[in-house]
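# Residue-level structure breakdown
The primary structure of each chain is shown beneath.
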Amino acid sequence: MIRFGVIGAGRIGKVHAKTIAANPKAKLAYIADAMPEAAQALSDQYGARVATVEDIMKAKDVDAVLIGSPTGFHAEQIQTASNAGKAIMCEKPVSLSVDLITQTLKVVEKNKTTLMIGFNRRFDPNFAEVERRIRNGDVGTVEMVTVISRDPAPPPAQYVKGSGGIFADMMIHDFDMARFLMGEEFVVVQALGAALVDKEIGEAGDVDTAAVQMQTKSGKIAVITNSRRATYGYDQRMEVHGSKGMVHAKNVHNSTVEVLSDQGYRADPIQNFFLERYSVAYANELNAFIEAVESGNHDPKPNGFDGLQAQILAEAATQSWKTGKPVAL
Ligand SMILES: NC(=O)c1ccc[n+]([C@@H]2O[C@H](COP(=O)([O-])OP(=O)(O)OC[C@H]3O[C@@H](n4cnc5c(N)ncnc54)[C@H](O)[C@@H]3O)[C@@H](O)[C@H]2O)c1
């Protein structure tokens, strides 16, 4: 039984608290939040106890810390938890500063901490199967990876201001997915972006519509497109083309029902957002983390290095968008 302290009782903290509470190998021991009433409400829901972040770090009856606080606190909280001997699952991105991630990973390495980063999409059964088919050689040598990711609606401009921008906040998942599927690192990044959905996002210095092209040393290409708008739900697709064929994963609909008439085929809408679309992925992610902690695996994937690489790509894309020039890594 792994005893968890959850830090952050916001959107993602709620998902993790629910997933931990439902897992027979996990105990939701404590929840901390900068707003104690948020921690209290979530604790009441699952029979956990409210604590401060400091208490969780020191608690003898906490084996693992799940960090779901805003991005700006992750690096410091990872370091504190690592020095306190806890296993750590931390949400993406690790930090908006590549230097701070590097420094944090040194602490993690020194303490031999089990650290996993919340790139939950690797644990989506469909996407995991795409990766398995690639490694199995089903499409031959991979030549091109395409990732499409569109949110149903933009976040409030206030959220955008502290998010690090679309490349670090949203596309970071797609950078990780592109690396996961490609199996090679990228050496050049080129980005375009515009605020076409919400003017306020543009005024906050960010974009809501973005496209990135990346290339590996051997010439393989990845294309990622993001939008903060999709009228038809949470659009999450990918396609990998190789020398022997193509493998792709489609969107998941609310049901498999289709109505056929002289007007054509009508399917149910696709699942609305990450809470629904990735509920199984979050549960699988937690299971992978628990297995790593139980088996003493200090380097479960996606690890700190994956977090670092994704942030390097996000930084390069941001720079490319701002300068209009490709960035070599
Ligand atoms: N993997 C995913 O699917 C996914 C989805 C959403 C968010 N995220 C990531 O999770 C993190 C949190 O995002 P969110 O959408 O849940 O934000 P949120 O604003 O909904 O929740 C953050 C919570 O943390 C609390 N908080 C603020 N400072 C704190 C501190 N120092 N210590 C503890 N708690 C603190 C806030 O009061 C708030 O309740 C971000 O890094 C985000 O990128 C990941």
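What counts, and where the lines are drawn
- Residues numbered from 1 in each chain as written.
- Predicted model: local features only at pLDDT ≥ 70, side-chain atom pairs only at ≥ 80, totals over all residues.
- Heavy atoms only, no water.
- Buried < 20%, exposed > 50% of the residue type's maximum accessible area, 1.4 Å probe, protein only.
- Helix = DSSP H or I, 4+ residues; strand = E, 2+ residues; numbered from the N terminus.
- Arc of directions from axis to C-beta.
- Contact = heavy atoms within 4.5 Å.
- Salt bridge = Lys/Arg side-chain N within 4 Å of Asp/Glu carboxyl O.
- Pairing = 2+ DSSP bridges.
- Right-handed = clockwise from strand over helix to strand, strands pointing away.
- Axes fitted to C-alpha atoms, helices over the stretch in contact; angles between N-to-C directions.
- Near = heavy atom within 4 Å.
- Polar contact = N/O pair within 3.5 Å; in protein donor to acceptor, adjacent residues only side chain to side chain.
- Areas by Shrake-Rupley, 256 points an atom, 1.4 Å probe, with all protein chains shown as cover.
- Nonpolar A, V, L, I, M, F, W, Y, C, P; charged D, E, K, R; others polar.
- Domains from an automatic or database assignment.
- Buried area = accessible area lost by both parts, 1.4 Å probe.

At 3.6 residues per turn, the α-helix brings residues three or four places apart onto the same side. Along helix α2 (residues 36-46), the positions that sit buried rather than exposed are Ala 38, Ala 39, Leu 42 and Ser 43. One side of α2 holds all its buried residues, which, seen down the axis, span an arc of 125°. Projecting away from the buried face of α2 at angles above 90 degrees are the exposed residues Glu 37, Asp 44 and Gln 45. In this structure, the buried residues of α2 make contact with α1 (11-22), β2 (26-32) and β3 (49-50).

A complete count under the given rule lists 19 salt bridges for this structure. Here Glu 294 ties to Lys 25 by a salt bridge, and the two come within 3.9 Å at their closest N and O atoms. You can see Glu 294 sitting in helix α12 (residues 279-295) and its partner Lys 25 sitting in the loop between α1 and β2, a full 269 residues away along the chain. With a relative accessible area of 43%, Glu 294 lands in the partly exposed category. In this structure, Asp 151 engages Arg 228 in a salt bridge whose closest nitrogen and oxygen atoms are separated by 3.5 Å. In this pair, Asp 151 is assigned in the loop between β7 (142-150) and α7 (157-161) and Arg 228 in the loop between β10 (221-227) and β11 (235-242), connecting sequence segments 77 residues apart.

Attention now goes to the pairing of β2. Counted residue by residue, β2 has six buried out of seven residues, so it is predominantly covered. Inspection of the sheet shows strand β1 (residues 2-7) paired to β2 by six bridges, in the parallel sense. Looking at the pairing, Ile 7 lines up with Ala 32 of β2. Read from β1 through α1 to β2, the crossover connection turns out right-handed. In this sheet, β3 lies alongside β2 in parallel orientation, the contact comprising two bridges. When the sheet's bridge partners are listed, Ile 31 is paired in β3 with Val 50. Assessed by its sense of winding, the connection that carries the chain from β2 through α2 to β3 is right-handed.

Next up on the list: the sheet that holds strand β12 (residues 245-249). Here seven strands make up an open sheet; going across it, the order is β12-β11-β7-β10-β9-β8-β15 and the pairing mixed. Looking at strand neighbours, the two that pair on one side only are β12 and β15 (327-328), the edges of this open sheet. Pairing analysis gives eight bridges linking β7 to β11, with the strands arranged antiparallel. Across the sheet, Val 147 pairs through a bridge with Met 238, a residue of β11. In the packing of helix α9 (residues 171-182) onto the sheet, the strands contacted are β7, β8 (186-194), β9 (209-216), β10 and β11, and the crossing angle to β10 comes to about 155°. Sheet contacts for helix α13 (residues 304-323): β8, β9 and β15; angle to β8, the most-contacted strand, approximately 50°.

It is worth spelling out the site of the ligand at this point. As a structural note, the neighbourhood of the ligand is formed by 26 residues, with Arg 11, Asp 33, Thr 71, Glu 91 and Tyr 282 the closest of them. Lys 92 has a polar side-chain atom sitting 2.9 Å from an oxygen atom of the ligand. In the environment of the ligand, a nitrogen atom lies 3.5 Å from a nitrogen or oxygen atom belonging to the backbone of Gly 118. When the free accessible area of the ligand is taken as 840 Å², the share hidden by the protein chains comes to 84%. Broken down by secondary-structure element, the contributors of at least two residues to the shell around the ligand are α1 and α4 (74-83). Partitioning the shell around the ligand into residue classes produces 11 nonpolar, 10 polar and five charged. The residues that make up the shell around the ligand include at least three from each of domain 1 (2-113) and domain 2 (122-280 + 310-328).

This part covers the environment of Ala 281. Its place among the elements puts Ala 281 in helix α12. Linking Ala 281 and Lys 220, residues 61 residues apart in sequence, is a C-alpha distance of 28 Å. Filtering out sequence-adjacent residues up to four positions away, Ala 281 remains in contact with Asn 120, Phe 123 and Asp 124.

Right, let's get into the environment of Pro 326. In this structure, Pro 326 sits in the loop between α13 and β15. When sequence neighbours within four positions are dropped, the list of residues in contact with Pro 326 reads Val 188, Val 189, Gln 190 and Ser 320.

Split by domain assignment, the protein chain resolves into domain 1 (2-113) and domain 2 (122-280 + 310-328). Spacing between the C-alpha centres of domain 1 and domain 2 amounts to 27 Å. Contact between domain 1 and domain 2 buries roughly 910 Å² in total, counting both sides, with carbon and sulfur atoms accounting for 65%. When residues of domain 1 are sorted by the area they lose upon contact with domain 2, Arg 11, Lys 92 and Leu 96 head the list and together hold 54% of the total. In this assembly, domain 1 and domain 2 are joined by one salt bridge. Asp 169 is the salt-bridge partner of Lys 92, the closest N and O atoms lying 4.0 Å from each other.

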